[in-house]
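In case you want the letters, here they are:
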Amino acid sequence: MSELAERFETHDPGEKQVAEKIRCDACPVMCYIADGRTGACDRYGNVGGRIVRMDPLTILDHAAETGGAVVPFVAEGEAWNGELVNTGRRFVTAIGAGTTYPDYKPAPFIVSQEVEGVDLVTVVTEGIFSYCGVKVKIDTDRHIGPETATVRAEGEAIGHVTTGEYGSQMLSLGGVHHLTGGSKAEGRATCDAMLNLCNRKPVELTIDGGATVIVEAGKPPVIDGKIEHRMRVGCGSATIGMFATQWRGLVDEVVVVDDHITGVVSEHQAGKVLGWQDTGIKIIGRRSTPGRYFKVSEPGLGWGGTSISDPLSILGEWNVKKGARPGLSLLMVSTTGEQFAYYELDDDLKPVEKPFPERLQKSVGLIEENCEPALCTVLFIGGAGGSLRAGVTENPVNLTRSVQGLKTYVTVGGAPVYVWPGGGITLMVDVTRVPEGAFGYVPTPALVAPIEFTLRRDDYVRLGGYEAEIRSVEDILAKGGEYLNPRRGTGAPVSNPWPPLAQLRRAANGAG
Ligand code: SF4
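Residues numbered from 1 in each chain as written. Predicted model: local features only at pLDDT ≥ 70, side-chain atom pairs only at ≥ 80, totals over all residues. Heavy atoms only, no water.

1. With respect to the environment of Leu 366
Argument step 1. For Leu 366, the location among the structural elements is in helix H6 (residues 358-369).
Argument step 2. Once residues lying within four places of it in the same chain are set aside, the contact partners of Leu 366 are Phe 243 and Gln 246. (Helix = DSSP H or I, 4+ residues; strand = E, 2+ residues; numbered from the N terminus. Contact = heavy atoms within 4.5 Å.)

Written as structure tokens, this is what we have:
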């Protein structure tokens with residue numbers, strides 16, 4: 001059982017000696033916590049009879065943009081010396097801010113800051129996301145499992161394989177049905193896997209009828225124990241189009257083996273335009289258009305995401321009437337250039353493998369060179385259109401409209417998000433852009449993610465914001481908040497822009 005699962009087991013708010021403990025009300029679990037101990041999620045503890053958020057509040061320094069140089073912690077009661085973060089380009093993230101459960105009260109921090117002459121407000125809270133999931137993109141051609149196949153962690157169903165994308169396999173994990181709609185074990189395993197994925201830790205996933213994959217955000221996937229180094233240069237047809245000129249005059253025929261679209265240069269439009277001669281080749285597969293073949297094999301872990309290890313198995317009889325002749329040369333290559341072989345037809349028009357000729361090395365190398373590194377990408381997706389809006393404004397729908405109208409800029413731990421069009425505030429964020437360790441959980445189960453809403457101060461007041469709760473960054477640095485935790489400063493990742501003034505100005509001018 002995982003560490004997280006054990007915590008679920010040991011938590012018991014009804015245990016004895018409740019009177020000597022104090023209650024944390026930061027989530028529906030309502031832990032009673034003894035002095036010196038932490039609650040079920042480890043995010044809150046009882047320190048000397050007071051509920052304290054155990055992680056520091058994280059403040060990004062956008063002037064430094066060092067991407068990780070951490071200013072020493074400032075403990076409760078100590079003054080912030082302001083030296084390294086006194087530039088007017090700071091951002092109070094929600095990491096360590098605490099929550100507002102059950103959302104009847106204002107968000108933990110409502111921060112005002114003038115940036116380049118614009119008075120901005122950032123509303124900061126750690127959201128409890130019962131409706132959330134993780135989308136995983138795995139850069140590989142290999143068949144990791146059929147579409148809709150169940151994905152498991154610790155043996156429990158936590159999601160499914162969804163539609164593949166160009167050069168990548170996709171997983172859809174989590175969601176409210178796995179979190180809360182199945183067994184307790186399923187909910188725990190789902191929460192555990194999502195938490196680790198979002199915090200950029202490796203997670204082993206098994207796919208029904210498919211592979212075992214180790215996924216870690218920003219790292220190459222490990223598929224059935226093998227590290228995937230490259231993603232393909234393109235489908236077989238695209239590869240023909242890109243490299244047909246390189247092969248001209250060096251070989252009579254080229255087949256790019258691909259599970260989706262296998263390409264044949266002599267038949268392909270690119271080959272025709274360049275004047276390639278017919279070779280009488282026969283591909284066993286479903287011909288889509290000239291030189292493009294579907295289903296030459298079953299999907300698998302072999303050449304180009306097929307199940308084959310011998311590329312000749314996709315060839316039929318050579319047709320002498322259409323150009324086949326003894327001595328005709330043939331290159332077969334996969335879409336990553338990792339597998340390749342060279343053949344010549346013998347007197348019986350059978351391909352015979354020959355040593356790979358030097359003249360073709362460069363073109364195969366060019367395919368490899370054009371392949372990008374294979375990575376795992378993890379996007380957290382969550383619905384912020386629910387009760388946490390009440391911590392921002394007394395009239396929650398105003399926040400939704402402001403986000404949809406691009407007047408409010410949403411970030412997760414300072415990282416930009418994509419907000420889905422349509423109703424609600426459904427957002428996605430690349431977890432590698434969020435500071436490490438920013439995600440937490442509560443045992444309901446649900447994930448906890450930092451979320452910040454930034455908008456012009458006048459807009460904030462107009463939408464019914466808690467004007468009386470607005471504080472300056474300096475005041476927050478000096479005094480902290482309700483949960484008494486220290487503050488820490490860290491250089492903002494260079495890739496995360498601040499402030500989002502361009503967008504806010506556009507919106508103010510009616511262009512949004
Ligand atoms: S699980 Fe965490 S947030 Fe929820 S009540 Fe317990 S300590 Fe507080």
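Resuming the write-up.
2. Concerning the packing of helix H4 (residues 236-247) against H6
Argument step 1. Two elements in contact, H4 and H6, have axes whose closest approach is 10 Å; the angle formed by their N-to-C orientations is 155°. In this view, H4 runs roughly antiparallel relative to H6, as classed from their interaxial angle. Crossing hand, H4 versus H6: right-handed. Residue-level inspection shows Thr 239, Phe 243, Gln 246 and Trp 247 of H4 in contact with H6, the latter providing Leu 360, Ser 363, Leu 366 and Ile 367.
Argument step 2. Residues belonging to the contact of H4 with H6 are distributed by class as follows: 5 nonpolar, 3 polar and no charged. (Axes fitted to C-alpha atoms, helices over the stretch in contact; angles between N-to-C directions. Parallel < 35°, antiparallel > 145°, perpendicular 65-115°, else oblique. Left-handed = near helix turned anticlockwise from the far one by under 90°. Nonpolar A, V, L, I, M, F, W, Y, C, P; charged D, E, K, R; others polar.)

3. Looking at the sheet that holds strand E6 (residues 90-92)
Argument step 1. Spatial ordering of the open sheet is given by E6-E5-E32, a layout of 3 strands whose pairing is mixed. Of all strands in the sheet, those with a lone pairing partner are E6 and strand E32 (487-491), marking the two edges. Averaged over all neighbouring strand pairs, the angle between strand axes comes to 25°, with direction disregarded. (Pairing = 2+ DSSP bridges.)

4. Digging into helix H3 (residues 184-198)
Argument step 1. For H3, built from 15 residues, the straight-helix expectation of 21 Å at 1.5 Å per residue is met to within 8% by its first-to-last C-alpha distance of 21 Å.
Argument step 2. All of the buried residues in H3 are Glu 186, Gly 187, Arg 188, Ala 189, Thr 190, Cys 191, Asp 192, Ala 193, Met 194, Leu 195, Leu 197 and Cys 198.
Argument step 3. Arg 200, located one to two residues past H3, shows a positive phi value of around 65°. (Expected span 1.5 Å × (residues − 1). Buried < 20%, exposed > 50% of the residue type's maximum accessible area, 1.4 Å probe, protein only.)

5. A closer look at unusual backbone geometry
Argument step 1. Put simply, Thr 444 and Pro 445 share a cis peptide bond, and its omega is 0°.
Argument step 2. Within the secondary structure, Pro 445 sits in the loop between strand E29 (440-442) and strand E30 (446-456).
Argument step 3. The residue Asp 224 is not glycine, and still its phi comes out positive at about 50°.
Argument step 4. For Asp 224, the location among the structural elements is in the loop between strand E15 (222-223) and strand E16 (226-227).
Argument step 5. With a relative accessible area of 43%, Asp 224 lands in the partly exposed category.

As far as function goes, none of this settles anything; it's purely spatial.
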